[in-house]
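If you want the building blocks of each chain, they are given just below.
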Amino acid sequence: MAELKIYNSLTKQKEVFTPITPGYVGMYVCGPTVYSDVHLGNCRTFISFDIIYRYFKYLGYKVRYVRNITDAGHLEGDRDEGDDKFSKKARLEQLEPMEIVQKYTLGFHKVMELFNNLPPTIEPTATGHISEQIEMVKHILQNGYAYEVDGTVYFDVEKYDKEKPYGILTNRKLEELLEGTRTLSGQDEKKGRLDFALWVKAKPEHLMQWPSPWGMGFPGWHIECSAMSGKYLGTKFDIHGGGMDLAATHHTNEIAQSEACYNVNPANYWIHTNMLTVNGARMSKTAGNGFLPGELFTGSHPLLEKAYAPMTVRFFMLQTHYRSTLDFSNEALQAAEKGLKRLWEAYQNLEQLQQQAQELSDTASDTETDRRCRAFIEGFDTSMNDDFNTAKVLANMFELVPIINSFKGGQIPLNYINRATFDLLQKQFSTYLTDIFGLKEEKVADSGRLDSVLQLLIQIRKEARARKDFATSDKIRNELQREGILLKDEKDGSVSWNII
RNA sequence: GGUCCUGUGGCCGAGUGGCUAGGCAGAGCUCUGCAAAAGCUCGUACAGCGGUUCGAAUCCGCUCGGGACCUCCA
């Protein structure tokens, strides 16, 4: 197996991936908070990790992929008068908090399915792991890195930092962080300005609360990921992932919690995906510039000129490396749409050539073409092994497209390559497109009946052309085109059609 | 203010110290009754200024521009 290199945010360099247990990968990815619809930026992260998950499987690893659902009430701000997100939204919509959770969890799953993301192998919820979180808080208290104030438990960042660097993930010193912290309004029961809550005391009217050794309350912002990753992957596992925005606080605190509790950094490799931007600014819930997947698929967003299919968006994302920002625009999306279409046509051409390829011999009649094809195909794995460089794989695929199309169109004889090369080409083209990149062809509804109707029209047109009645033949083609159906006269005299 | 990232041809975007990614758009040609599709050919880009080097878009420094994080957010 070739070496896979992954950029590790912890060490700021690419490292060869070595699993803790040979043949197995444990991966934890921070999932969504289900109090509103996921926007496209969220989707980008989950699509990126879906590709990573799929690639590990392709490499033959058995992967345990854990992605949580955050459904426990977290404070809005760093003050105890803050409402929790779920009860706030619940009052707004006159629903129980768990109804909100259910609604948006289902919505999230639906979106993931539309993007053809594979489900994680375990999808734990924070509310389902309250006791695990309480246990972990107890441990941290016992180890002396936390303190309780009137039913709320805080993590003692300054004490922790004396023994282990707190800002290790984002390369920051405690003094710098302290300077950057804003002065908080209201009375502050925390000892240190950077201290964060592990457990929060709930007011009586608070809708989501659970009993604990410190009274009724709910878990803090970061403890759920620590508790659930520890439970399902062990206190030390291979990969922890999430969006870059989580590194500075959420992941920094996760590391501190695990170190304080188990004396380990939970993950060997930290992978952070970059942000999706709109007009150069980050897409986010609070900025209000978020695109909802639904708005994209229907084209109902004011900034969109038309609707884009889920697979177009997925492909669009694959054209950029996961650690680069990606800017969202109509032009870029339209380019992606056309590019993907071209890829699918080459893919179909390859399938059609299969019959002909049966007769290929073991020797290629043009070793140069054969060699080039092999080099491009072998480049797929090489590029993926270099920190999952999907953009480079696609570039190689596009290099192969004119070659494949020329086999089909007859510009290049198929026997320029040998049988083994053809088989490899077809196998890898298909594997990458569908299994690793997770792309699928958009279905045309009721194509069976439509096809027989079209075959009739194609036949009539053919007869018209035979007697040089081009007025009739062009009328058929033009009228169909107006209805969104494109006829193509192939080289061999046959006629094919597709939906524009 | 602090910590980082980034600036590539009309647009989107890979990228290794030397062998000019790729996509979209555009131009010409071939094929075609005409189209469409497909194929072929074409643009020699790397913010600016210095430096290191035989050689830099790629390394270093400075300047200018853009962005992220430091506050819930993938």
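Residues numbered from 1 in each chain as written. Chains lettered and ligands numbered in written order. Predicted model: local features only at pLDDT ≥ 70, side-chain atom pairs only at ≥ 80, totals over all residues. Heavy atoms only, no water.

The next thing to look at is the pattern of salt bridges. For the structure shown, the criterion picks out 20 salt bridges. Among the charged side chains, a salt-bridge network with shared partners connects Asp50, Arg54 and Arg314. (Salt bridge = Lys/Arg side-chain N within 4 Å of Asp/Glu carboxyl O.)

The four strands are arranged S5-S6-S7-S8 in an open sheet whose pairing can be described as antiparallel. Each edge of the open sheet is held by one strand with a lone partner, namely strand S5 (146-149) and strand S8 (217-219). The mean angle between the axes of side-by-side strands here comes to 20 degrees, regardless of whether they run parallel or antiparallel. Across three bridges, strand S7 (residues 196-201) lies against S8 in antiparallel orientation. (Pairing = 2+ DSSP bridges. Helix = DSSP H or I, 4+ residues; strand = E, 2+ residues; numbered from the N terminus. Axes fitted to C-alpha atoms, helices over the stretch in contact; angles between N-to-C directions.)

Looking now at the domain arrangement of chain A. Taken domain by domain, chain A consists of domain 1 (5-273), domain 2 (329-436) and domain 3 (447-499). For domain 2 and domain 3, the distance between their C-alpha centres works out to 29 Å. (Domains from an automatic or database assignment.)

A separate point is the protein's contact with RNA strand B. Contacts to RNA strand B come from 61 residues, most closely from Lys85, Gly243, Leu246, Arg282 and Met283. Taking the atoms of RNA strand B that fall within 4 Å of the protein, sugar and phosphate contribute 63% of them. Between Lys338 and RNA strand B, the recorded distance is 3.1 Å, taken from a side-chain N or O atom to a phosphate oxygen. Within the contact set of RNA strand B, a sugar or linking oxygen lies 3.0 Å away from a side-chain nitrogen or oxygen of Gln411. Taken together, the elements giving at least two residues each to the surface near RNA strand B come down to helix H1 (40-58), strand S9 (237-243), helix H11 (330-357), helix H13 (390-409), helix H15 (447-466), helix H16 (470-482) and strand S14 (485-489). Its residues assigned to classes, the surface near RNA strand B shows 16 nonpolar, 24 polar and 21 charged. (Near = heavy atom within 4 Å. Polar contact = N/O pair within 3.5 Å; in protein donor to acceptor, adjacent residues only side chain to side chain. Nonpolar A, V, L, I, M, F, W, Y, C, P; charged D, E, K, R; others polar.)

If you look at the biggest cluster of nonpolar residues, it comprises 134 residues, and the most contacted ones within it are Phe56, Phe429 and Phe437. Two domains each put at least three residues into this core: domain 1 (5-273) and domain 2 (329-436). Setting aside its immediate chain neighbours within four residues, Phe437 contacts Ile51, Arg314, Leu318, Met384, Thr390, Val393, Leu394, Met397 and Tyr432. One finds Leu454, Ile476, Leu480 and Leu487 within the second-largest nonpolar core, a separate group that totals eight residues. (Core = buried A, V, L, I, M, F, W, Y, C linked by side-chain atoms within 4.5 Å. Buried < 20%, exposed > 50% of the residue type's maximum accessible area, 1.4 Å probe, protein only. Contact = heavy atoms within 4.5 Å.)

With that settled, consider the environment of Gln334. Along the chain, Gln334 turns up in helix H11. Under the relative-accessibility criterion, Gln334 is labelled partly exposed at 26%. Counting along the chain gives 25 residues from Gln334 to Glu359, while the straight-line C-alpha distance between them is 39 Å. Not counting chain neighbours up to four residues away, the residues in contact with Gln334 comprise Glu305, Lys306 and Tyr308. Among the polar contacts made by the side chain of Gln334, one reaches the side chain of Glu305 at a distance of 3.3 Å.

As a further point, take unusual backbone geometry. We note that Asn171 has phi near 60 degrees; this positive angle belongs to a residue other than glycine. Take Asn171: it is sitting in the loop between helix H5 (157-163) and helix H6 (174-180). The phi torsion at Lys468 lies on the positive side, around 60 degrees, for a residue other than glycine. Assignment of secondary structure puts Lys468 in the loop between H15 and H16. According to the relative accessible area criterion, Lys468 is exposed, its value standing at 63%.

A few words now on the environment of Gln352. Summarising the element assignment, Gln352 is placed in helix H11. When the C-alpha positions of Gln352 and Lys408 are compared, they lie 8.3 Å apart, and in sequence the two are 56 residues distant.

What the rule picks out here adds up to 23 aromatic pairs. For the pair Tyr58 and Tyr432, a centre-to-centre distance of 5.7 Å together with 65 degrees between the ring planes defines the contact as edge-to-face. With Tyr58 in helix H1 and Tyr432 in helix H14 (residues 419-436), this residue pair connects regions lying 374 residues apart in the sequence. Owing to a relative accessible area of 27%, Tyr58 belongs among the partly exposed residues under this scheme. We classify Tyr432 as buried; its relative accessible area is 0%. Geometrically, the ring pair formed by Phe115 and Phe297 is edge-to-face, given 5.6 Å between the ring centres and 65 degrees between the ring planes. One end of the pair, Phe115, is in the loop between helix H3 (97-114) and helix H4 (130-142); the other, Phe297, is in helix H9 (residues 293-298), with 182 residues separating them in the sequence. Of the residues examined, Phe115 reaches a relative accessible area of 0% and is grouped as buried. Among the aromatic residues, those joined into a ring-pair cluster are Phe17, Tyr55, Phe56, Tyr58, Tyr61, Tyr269, Tyr322, Phe380, Phe388, Tyr432 and Phe437. The ring of Tyr145 has Lys159 lying over it, and the distance from NZ or CZ to the ring centre is 5.5 Å. (Phe/Tyr/Trp six-rings, centres within 6.5 Å; stacked < 30°, edge-to-face > 60°. Lys NZ or Arg CZ within 6 Å of the ring centre and 35° of its normal.)

Two strands pair when backbone bridges link them, and S14 and strand S15 (residues 495-499) are joined in this way by five bridges, in the antiparallel orientation. Counted as the bridge partner of Leu487 is Trp497 from S15. A loop of five residues connects S14 with S15, the two strands running antiparallel in sequence, and Gly493 in this loop sits at a positive phi of about 95 degrees.

Turning to the state of the cysteines, a few remarks are in order. Scanning all chains against the criterion turns up zero disulfides. We note that Cys43 lacks a disulfide partner, and the nearest cysteine sulfur, in Cys30, lies 16 Å from it. By relative accessible area, which is 0% here, Cys43 ends up buried. This cysteine, Cys261, is not joined by any disulfide, and Cys225 carries the nearest cysteine sulfur, 15 Å off. (Disulfide = S-S within 2.5 Å.)

Close contact between H1 and helix H10 (residues 310-318) brings their axes to 10 Å; oriented N to C, the two are set at 70 degrees. Relative to H10, H1 is oriented roughly perpendicular. Contact residues: H1 offers Leu40, Arg44, Ile47, Asp50, Ile51 and Arg54, while H10 offers Val313, Arg314, Met317 and Leu318. Here the contact of H1 with H10 is built from residues that sort into six nonpolar, no polar and four charged. (Parallel < 35°, antiparallel > 145°, perpendicular 65-115°, else oblique.)

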